[in-house]
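Per-entry structural report
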Amino acid sequence: MSNAIEIEAKAMIGKADYERLRGLYSSYPSYSQTNYYIDDDDFLLRREGFALRVREREGLYEMTLKTPLSQGLLEKNCAWSKATFDSFAKEGKFPDGDIKRFLTMLDIDVSTLKIKTSLSTCRVDVPYLNGKLSIDENEYSGKKDYEVELEFNNMRDAEANLKDLLERNGINYVLSKKTKTARALDALKK
């Protein structure tokens, strides 16, 4: 298992602005990934501020638990095999490991957790300043949206650098605090 701190600024943009940014960075290849979001029927993890997902990219699976920090999110990651993913998706068998121990320590019954929804992303990653710019086209629950994220070592600079990039390219900057997890789970309610 690995741990990381994720600090990123993000903005929702329209399709035309997405296409403009995508054109600026057309030399960078895109790739696809699907996030499977996990919670119980009462959305306990969400109510407690946690996000739990399994990401599938090119046949590789990784579970990530995100927990809030004062600045950013603490991410706990562990690799899964396809068999582990299939066992969880079909039978609800939560695999042993550090994430299971952590959730159990918080009195979360992992046997009640299941995949609630998924979100597929076509993403372009670009090294930008001393961070990573991601340009995303997302599809979930019959919806499509476009998002730009800038991962950086502190939130103030992430927001300022993302705002500068967008405004220099004629794109209105509106900071978004709503995560992919929240958007995908909210779409279930509609």
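What counts, and where the lines are drawn
- The residue numbers shown here count from 1 along each chain, following its written sequence.
- In keeping with the predicted nature of the model, local features appear solely for residues at pLDDT of at least 70, side-chain atom pairs appear and are counted solely at 80 or more, and the whole-chain, interface and lining totals rest on all residues.
- In computing side-chain properties, one takes all heavy atoms of the structure into account and sets aside hydrogens as well as water.
- Segments assigned H or I by DSSP are reported as helices when at least four residues long, segments assigned E as strands when at least two residues long, and all are numbered from the N terminus.
- Here the globule rule reads 2.2 Å times residues to the power 0.38, and the radius of gyration is calculated from C-alpha atoms.
- Partly exposed residues are those whose accessible area sits between 20% and 50% of the maximum for their type, while under 20% is buried and over 50% is exposed, using a 1.4 Å probe and protein chains only.
- Contacts are residue-level and defined by heavy atoms, with any inter-residue pair within 4.5 Å sufficient.
- Calculation of accessible area relied on Shrake-Rupley with a 1.4 Å probe; when residues are assessed, cover is drawn exclusively from the protein chains displayed.
- Neither His nor the chain termini are counted; the positive set is Lys and Arg, and the negative set is Asp and Glu.
- Here the site of a charge means NZ on Lys, CZ on Arg, CG on Asp, or CD on Glu.
- We treat two strands as partners when DSSP finds at least two bridges between them.
- Between N-to-C directions, angles span 0 to 180 degrees; the directions come from axes that are lines fitted to C-alpha atoms, helices contributing only their stretch in contact.
- Here a cavity means grid points, on a 1 Å grid over the protein atoms only, where a 1.4 Å probe fits yet cannot get out; a pocket means an open set of points with protein on both sides within 12 Å along at least five of seven lines; lining residues are those with an atom within 4 Å of a point.
- Grid points are joined across faces, edges and corners, and a volume is the space filled by probe spheres set on the points.
- Whenever two N or O atoms come within 3.5 Å, that pair is a polar contact, provided that in protein one can donate a hydrogen and the other can accept it, and provided that, for residues adjacent in sequence, both atoms are side-chain atoms.

Now for the overall build of the protein chain. Secondary structure assignment for the protein chain yields six helices and nine strands. Over its C-alpha trace the protein chain gives a radius of gyration of 17 Å, about what one expects of a compact globule, namely 16 Å for 190 residues. Overall, the C-alpha framework of the protein chain stretches about 50 × 35 × 30 Å when taken along its three principal axes. Per-residue burial over the protein chain gives 47% buried out of 190 residues. The contacts of the protein chain with a sequence gap of at least 6 include a subset with a gap of at least 24, amounting to 60%. Carbon together with sulfur atoms contributes 48% to the accessible area of the protein chain, which is approximately 9,800 Å² in total. Of the charged side chains in the protein chain, 31 are positive and 32 negative; the average position of the first set lies 2 Å away from that of the second.

Judged by pairing direction, the sheet is antiparallel, and its nine strands sit side by side in the order S1-S6-S5-S4-S3-S7-S8-S9-S2 without closing on themselves. Pairing within the sheet leaves two strands with one partner each, and these edge strands are strand S1 (2–6) and strand S2 (8–13). Between one strand axis and the next, the sheet turns by 30 degrees as a mean value, whatever way the strands run. The pairing of strand S3 (residues 30–39) with strand S7 (residues 114–128) spans 10 bridges and is classified as antiparallel. Note on S7: the bridge partner recorded for Asn35 is Leu119. In the packing of helix H6 (residues 180–188) onto the sheet, the strands contacted are S2, S3, strand S4 (51–57), S7, strand S8 (131–140) and strand S9 (143–151), and the crossing angle to S7 comes to about 145 degrees.

Turning to the pairing of strand S5 (residues 60–68), a few remarks are in order. Here S4 runs beside S5; their pairing, made up of seven bridges, is antiparallel. Across the sheet, residue Ala51 finds its bridge partner in S5, namely Lys66. Counting the residues that bridge the hairpin from S4 to S5 gives two residues, and of these Glu58 lies at a positive phi of roughly 55 degrees. As judged from the eight bridges shared by S5 and strand S6 (residues 73–80), these two strands associate in the antiparallel manner. Pairing of Tyr61 across the sheet is with Trp80, part of S6. The loop that links S5 with its antiparallel partner S6 comprises four residues; one of these, Gly72, has a positive phi angle of about 95 degrees.

Looking now at empty space enclosed by the protein. Counted by the stated rule, this structure contains one cavity of 30 Å³ or more. Taken as a whole, the largest cavity spans an internal volume of roughly 40 Å³. Every residue along the wall of the largest cavity is listed here: Tyr37, Ile38, Asp39, Leu45, Arg46, Phe50, Ala51, Leu52, Thr181 and Leu185. Secondary-structure elements contributing two or more residues to the lining of the largest cavity are S3, helix H2 (44–47), S4 and H6. At three residues, the largest contribution of residues to the lining of the largest cavity is made by S3.

Here the focus is the environment of Asp145. Checked against the element boundaries, Asp145 lands in strand S9. Placed 132 residues apart in sequence, Asp145 and Ile13 show a C-alpha to C-alpha distance of 7.8 Å. Here Arg183 takes part through its side chain, which lies 2.8 Å from a polar atom of the side chain of Asp145.

This next bit is on the environment of Leu65. As for its placement among the helices and strands, Leu65 is situated in strand S5. For Leu65, a relative accessible area of 0% gives the class buried. Considering only alpha carbons, one finds Leu65 and Lys100, 35 residues apart in sequence, at a separation of 10.0 Å.

Our focus in this paragraph is the side chain of Glu147. Turning to its location among the elements, Glu147 is positioned in strand S9. By relative accessible area, Glu147 is classed as buried at 0%. In this structure the side chain of Glu147 is engaged in a polar contact, spanning 3.1 Å, whose partner is the side chain of Arg183. Each residue touching Glu147, except ones within four places of it in the same chain, is listed here: Lys10, Ala11, Met12, Ile13, Ser134, Ile135, Asp136, Asn138, Lys178, Lys180 and Arg183.

Now for H6. For H6, the buried fraction is high: eight of the nine residues fall into the buried class. Burial in H6 covers these residues: Lys180, Thr181, Ala182, Arg183, Ala184, Leu185, Asp186 and Ala187.

Bridging between S1 and S6 involves five bridges; their strand directions are antiparallel. When the sheet's bridge partners are listed, Ala4 is paired in S6 with Glu75.

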